[in-house]
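# Analysis of the macromolecular model
Chain by chain, the residues:
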Amino acid sequence: MRRRLRSMKLIAFDFDGTLSDSEMTVLLGEREGVADEMAEITERAMNDELSYAESLRERASLLEGLEEERAEEAYGEVALRPGAADLLRRLDDYGHHVAILTGGFERGVARALEKEGARDAVDTIVSNRLPVKGGRLTGGVEGPLVEGTKDHELERLADELGVRMGQTVAIGDGANDLPMLEVAGLAVGYLPKPAVRPHCDVVVASMDRLARVFEERGILRADDAERGDDGT
C-alpha cells in the first residue's frame, strides 16, 4: 500500500541530462557517424541558441536511413543516473504522481527504466518518436514535445489529477525545460545550463542531493531511505 506524505504531488522529470546522463540522439548518431554534429546541435539548443523543435528536426534528419536494429542497440545503451531508480521508487511509494516529460524518444526511456526495474514507478511518460519505414528511420520525428512545450503538458497533467500547480515539482537541465520550471511550484535544476540556472529555486548535482531536497521540503521522509519495502 502506498504511503502518503502531506498531499499528493506531481513530480515531473526531464530525461536526457536529468534522469539520465545519456544523450539519445548522440548514441543514435554514433551508429550513423554523425555524433559530433548531433552533440553540437544539442548544445546550441540546450543553451537556448536554437529553438528546440528546429534542433530536434535537424538531429532526426541526420539519422535518415539508420537501420531499426541499430537504433534499438543505441536505445539499449541509455541508462539512468546512479540513484535515479531508487528515487523514482521512493516517490511512487509515497503516492506522488511521477511523470517524465522529454523531447527524447520513448524507446530509449522505456529501455532505461526497464533495465533498472523502475518502469512501474513512473505513472506518465510524455515523449517523442522516430518513425520507421521499411526497417529504417525515416529522418522525421513526431510526438507531443516536438512543437508542444513542457509547461502545457505539466498543466494538463495537473488538471487531470486535480493537483494545484503549487503542488507540482519540475526537474530539468536545458532550455526546453524552462517552460515547466517557470510554472512549477518548485523548480529544480539538475546540473542546469547557464541560461536555465537563474530560473531554478534550487540546483542539485546528484540524485542523492535531489533526494535530500525532497526530504527537506517534506516530499519524502529521510528515515524511509534506510528502510526496506516492508517498512523495517
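Let me begin by describing the structure that accompanies this report. Predicted, not measured: the structure shown is a model, and the values here were computed from it.

A separate point is the sheet that holds strand S3 (residues 124–128). Pairing is parallel across the open sheet formed by 6 strands, whose spatial order is S3-S2-S1-S6-S7-S8. The open sheet terminates on both sides in strands that have one partner only, identified here as S3 and strand S8 (202–204). Across the sheet, the mean angle separating the axes of adjacent strands is 20 degrees when strand polarity is ignored. The pairing of strand S6 (residues 168–172) with strand S7 (residues 186–190) spans 4 bridges and is parallel. Counterpart to Ala170 in the pairing with S7 is Ala187. Here helix H9 (residues 207–216) sits on the sheet in contact with strand S1 (10–13), S6, S7 and S8, set at roughly 150 degrees to S8.

We now examine the packing of helix H1 (residues 24–32) against helix H2 (residues 35–46). Two packed helices can be described by the angle between their axes and the distance between those axes. Put simply, H1 and H2 touch, their axes get as near as 7 Å, and they point 160 degrees apart. One element, H1, and the other, H2, form an angle in the roughly antiparallel class. Pair H1 / H2 crosses with right-handed handedness. Listed contacts from H2 to Thr25, Val26, Gly29 and Glu30 of H1 are Ala35, Met38, Ala39 and Thr42.

As a further point, take the environment of Glu73. Turning to its location among the elements, Glu73 is positioned in helix H4 (residues 68–77). With a relative accessible area of 40%, Glu73 lands in the partly exposed category. Taking the C-alpha atoms as reference points, Glu73 and Ala35, separated by 38 residues in sequence, lie 15 Å from one another.

Further remarks concern the pairing of S7. Of all 5 residues in S7, 5 are buried, a share of seventy percent or more. With respect to chirality, the unit in which S6 leads through helix H8 (residues 178–183) into the neighbouring parallel S7 is right-handed. Pairing geometry for S7 and S8, over 3 bridges, is parallel. Across the sheet, residue Gly189 finds its bridge partner in S8, namely Val203.

Turning next to helix H7 (residues 150–161). An α-helical segment advances 3.6 residues per turn. Residues three or four places apart therefore align on the same side. Between the first and last C-alpha of H7 there are 16 Å, a value that for 12 residues agrees with the 16 Å anticipated at 1.5 Å per step. Among the residues of H7, Lys150, Asp151, Glu153, Leu154, Leu157 and Ala158 are the ones counted as buried. The arc enclosing the buried residues of H7, seen along the axis, measures out at 165 degrees, which places them on a common side. In H7, the exposed positions angled more than 90 degrees off the buried face are occupied by Asp159 and Glu160. Looking at the buried side of H7, the elements it contacts are S1, strand S2 (97–105), S3, S6 and H8. Gly162, located one to two residues past H7, shows a positive phi value of around 70 degrees.

The rules behind the values
- Residues numbered from 1 in each chain as written.
- Predicted model: local features only at pLDDT ≥ 70, side-chain atom pairs only at ≥ 80, totals over all residues.
- Heavy atoms only, no water.
- Pairing = 2+ DSSP bridges.
- Helix = DSSP H or I, 4+ residues; strand = E, 2+ residues; numbered from the N terminus.
- Axes fitted to C-alpha atoms, helices over the stretch in contact; angles between N-to-C directions.
- Contact = heavy atoms within 4.5 Å.
- Parallel < 35°, antiparallel > 145°, perpendicular 65-115°, else oblique.
- Left-handed = near helix turned anticlockwise from the far one by under 90°.
- Buried < 20%, exposed > 50% of the residue type's maximum accessible area, 1.4 Å probe, protein only.
- Right-handed = clockwise from strand over helix to strand, strands pointing away.
- Expected span 1.5 Å × (residues − 1).
- Arc of directions from axis to C-beta.

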